[in-house]
Amino acid sequence: MARRIPTAPCVALALWPILQACTTSESGAPLVTQYDSAGIRIVESYRPLWGDSSHWQVDPEPLMDLAESGTGDRHIFYSVLGIKRLSDGSIVVANRGSGEIRKFSANGIFVSSAGGPGEGPGEFANMQQIELVGDSILVLDYDGRMTVFGPDLELVRTMRPHHGAQAIRNLGGTMVVEIWVPVMDVLGLVRHRGVLLLYDLEGVGGDSIGWTPGYEEYVTDFLSAPPLFGKTSLLDTYGDRILVGTSDHMQVDEYGPGGEATRILRIPDFPLALTEDQVQAERSARLDIPLPQGVVSLPPPFVEAVENLPVPETRPAYENMLVDPTGAVWLRPFRGLSEEGGPEDWLVLDASGAWLGSVEIPENFRVREIGFDEILGVWSDELDVQHPQVLRLRRDGG
């Protein structure tokens, strides 16, 4: 297996400053610096270019709400997995609750649907992801099975490039697929790595171009679960570039289509330290869960396992990463179970890698896709009813 993508590329070789000047603060200290190391461009941001205020804003009132743009079952949603905008302005929604892909017109009128529960062609047992390659719609099922639909939701093909596929991303008209390689027969805190494989749209290929840090898991004889403030890697693409987020640091690593490292974007010394109170609050949140009917208390082995979860020194830097059409990288800072609620502030690195600042996302809205002047996502009301919505993104702050 090729191994061309390291978790943290070596930067210990000779460094030299870039030729162009970096942006500086009023005190003269640089806000952003860039330098090369072994052919890799390193972009480091020390403070946001916007300062303390955001120059981009998201309107809380939706431009469109698919739960209210029509009536009937097609406008009732549960466990929405993803939302994508096609080139003609129409929108497709992956509704995991019904195992369907639903298509709506640009003004929210239901057009058609495909899928449904099952394991036959065009059906889904447990949808995991939706991805666009042009106007072709790829849907990943739980067992690595991929289904390709045309823009009118006509079934094109079903394939299974790799049974362990966990994520798929469009890479300039081909697919980069992440699989996880589990660590077996090891107890305690373990980290399962990911491997990146290349396939064409017919599922042919499988060449390895490297690996990702993968995800952490805490394993005992009784429990296998994410650890407190567990870290995981994230994957996205932009054109023919692959972006990998480790979440161990406020850093994003960028690679070419063959897995060659090209850039590292990071915010050094971004505060990630955890206090004892934060760790204890997270541990308590793991135990404060609804009990099944007839069960009066949690099983003692479960309580013991949670109480013995290792104490992490740092939190993950972020838990979601999306690249918008301009090449800007959006990062959703990590929140634990004990920290949920309220608006979210997504960090934004522009196409050059410079840290612009943060953009506030309205409360109870989960971002699924970011366009140039819109954000697609799901808002949940006080009854936990899901509303797939389109919000306006104002990049000029006006």
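Look a little higher up for the structure.
Numbering of residues starts from 1 in every chain and runs along the sequence as written. Only residues with pLDDT of at least 70 get local features here, since the model is predicted, and only at 80 or more are side-chain atom pairs given and counted; chain-wide, interface and lining totals rely on the full set of residues. With hydrogens and water excluded, all non-hydrogen atoms of the structure serve as input to the side-chain values.

(A) Local environment of the side chain of R286. Counting from the N terminus, the helices are the DSSP runs of H or I reaching at least four residues and the strands are the DSSP runs of E reaching at least two. Within the secondary structure, R286 is located in helix α1 (residues 276-287). Exposure is judged per residue with a 1.4 Å probe applied to protein chains only, and the accessible area is read against the type maximum: over 50% gives exposed, under 20% gives buried, and values in between give partly exposed. For the purpose of charge, His is not counted, nor are the chain termini; Lys and Arg are scored as positive and Asp and Glu as negative. Salt bridges are defined as contacts in which a side-chain nitrogen from Lys or Arg sits within 4 Å of a carboxyl oxygen from Asp or Glu. Within the buried core, R286 has no salt-bridge partner, and the shortest N-O distance to an opposite charge, that of E282, equals 4.7 Å. Side-chain polar atoms of R286 contact the backbone oxygen of P227, separated by 2.8 Å. Residue contacts are counted whenever heavy atoms from the two residues lie within 4.5 Å of one another. With near-sequence residues (within four places) excluded, R286 lies in contact with P226, P227, L228, F302, V306, L309 and L337. Definition of a polar contact: a pair of N or O atoms within 3.5 Å, with one able to donate and the other able to accept a hydrogen when the atoms are protein atoms, and with sequence-neighbouring residues admitted only if both atoms are side-chain atoms.

(B) Layout of the packing of aromatic side chains. By convention, a stacked pair of Phe, Tyr or Trp rings (six-membered ring in the case of Trp) has centres within 6.5 Å and planes under 30 degrees apart, an edge-to-face pair has planes over 60 apart, and any other such pair is tilted. One pass over the structure, following the stated rule, counts 8 aromatic pairs. Considering the side-chain rings of F229 and F334, the 5.9 Å spacing of their centres and the 55 degrees angle between planes classify their relative orientation as tilted. Separated by 105 residues along the polypeptide, F229 in the loop between β18 (224-225) and β19 (234-238) and F334 in the loop between β24 (329-333) and β25 (344-349) bring together distant segments of the chain. With respect to burial, F229 and F334 carry one shared label: buried. An aromatic cluster is present here, built from W50, W56 and W330 joined pairwise through their rings. Whether a charge sits over a ring depends on NZ of Lys or CZ of Arg being within 6 Å of the ring centre and within 35 degrees of the ring normal. A cation over a ring is seen here: R193 above W211, with NZ or CZ 4.1 Å from the ring centre. Positioned above the aromatic ring of W56, the side-chain terminus of R395 is 4.7 Å from the ring centre.

(C) Molecular detail of the sheet that holds strand β7 (residues 91-95). A pair of strands is labelled paired if DSSP reports no fewer than 2 bridges between them. Taking strand neighbours across the sheet as the criterion, the 4 strands line up as β6-β7-β8-β9 in an open arrangement whose pairing is antiparallel. Across the chains shown, the open sheet's two edge strands, defined by having one partner strand only, are β6 (80-85) and β9 (110-115). Between one strand axis and the next, the sheet turns by 15 degrees as a mean value, whatever way the strands run. The pairing of β7 with strand β8 (residues 100-104) spans 5 bridges and is antiparallel. For V92, the partnering residue across the bridge sits in β8 and is K103. Fitting a line to C-alpha atoms yields each axis, with helices limited to the stretch in contact; the angle taken between N-to-C directions then spans 0 to 180 degrees.

(D) The layout of surface pockets, seen in detail. Lining residues are defined by having an atom within 4 Å of a point belonging to a cavity or pocket. Those points lie on a 1 Å grid over the protein atoms alone, cavities being sets where a 1.4 Å probe fits but cannot get out and pockets being open sets with protein on both sides within 12 Å along at least five of seven lines. Grid points are joined across faces, edges and corners, and a volume is the space filled by probe spheres set on the points. If you add up the space inside the second largest pocket, you get close to 480 Å³. Lining of the second largest pocket is provided by 19 residues; of these, E319, R335, G336, L337 and E340 occupy positions nearest its centre. Throughout, the ten residues Ala, Val, Leu, Ile, Met, Phe, Trp, Tyr, Cys and Pro are labelled nonpolar, Asp, Glu, Lys and Arg are labelled charged, and all others, Gly among them, are labelled polar. Here the lining of the second largest pocket is built from residues that sort into 7 nonpolar, 3 polar and 9 charged.

(E) Structural view of the nonpolar core. Grouping buried Ala, Val, Leu, Ile, Met, Phe, Trp, Tyr and Cys residues that are joined through side-chain atoms within 4.5 Å yields what is termed a nonpolar core. If you look at the biggest cluster of nonpolar residues, it comprises 20 residues, and the most contacted ones within it are M250, V252, Y318, M321, V329, L331 and L349. For this core, the leading source of residues is strand β23 (residues 318-323), giving 3 residues. Setting aside anything within four residues of it in sequence, one finds V252 in contact with L243, V244, R263, I264, L265, Y318, M321, V329 and L331. Among the nonpolar cores identified, the runner-up in size contains 17 residues, and L322, W346, V367 and I375 belong to it.

(F) Spotlight on empty space enclosed by the protein. Applying the stated rule across the entire model yields 1 cavity of 30 Å³ or more. Approximately 40 Å³ is the volume found for the largest cavity. In terms of lining residues, the largest cavity is bounded by Y238, R241, L243, E254, R263, L265, V323, G327, V329, D350 and A351. The set of elements that each furnish at least two residues to the lining of the largest cavity consists of β20 (241-245) and β22 (261-266). For the lining of the largest cavity, the class distribution of residues is 6 nonpolar, 1 polar and 4 charged.

Remember, this is a structural readout, not a statement about activity or role.
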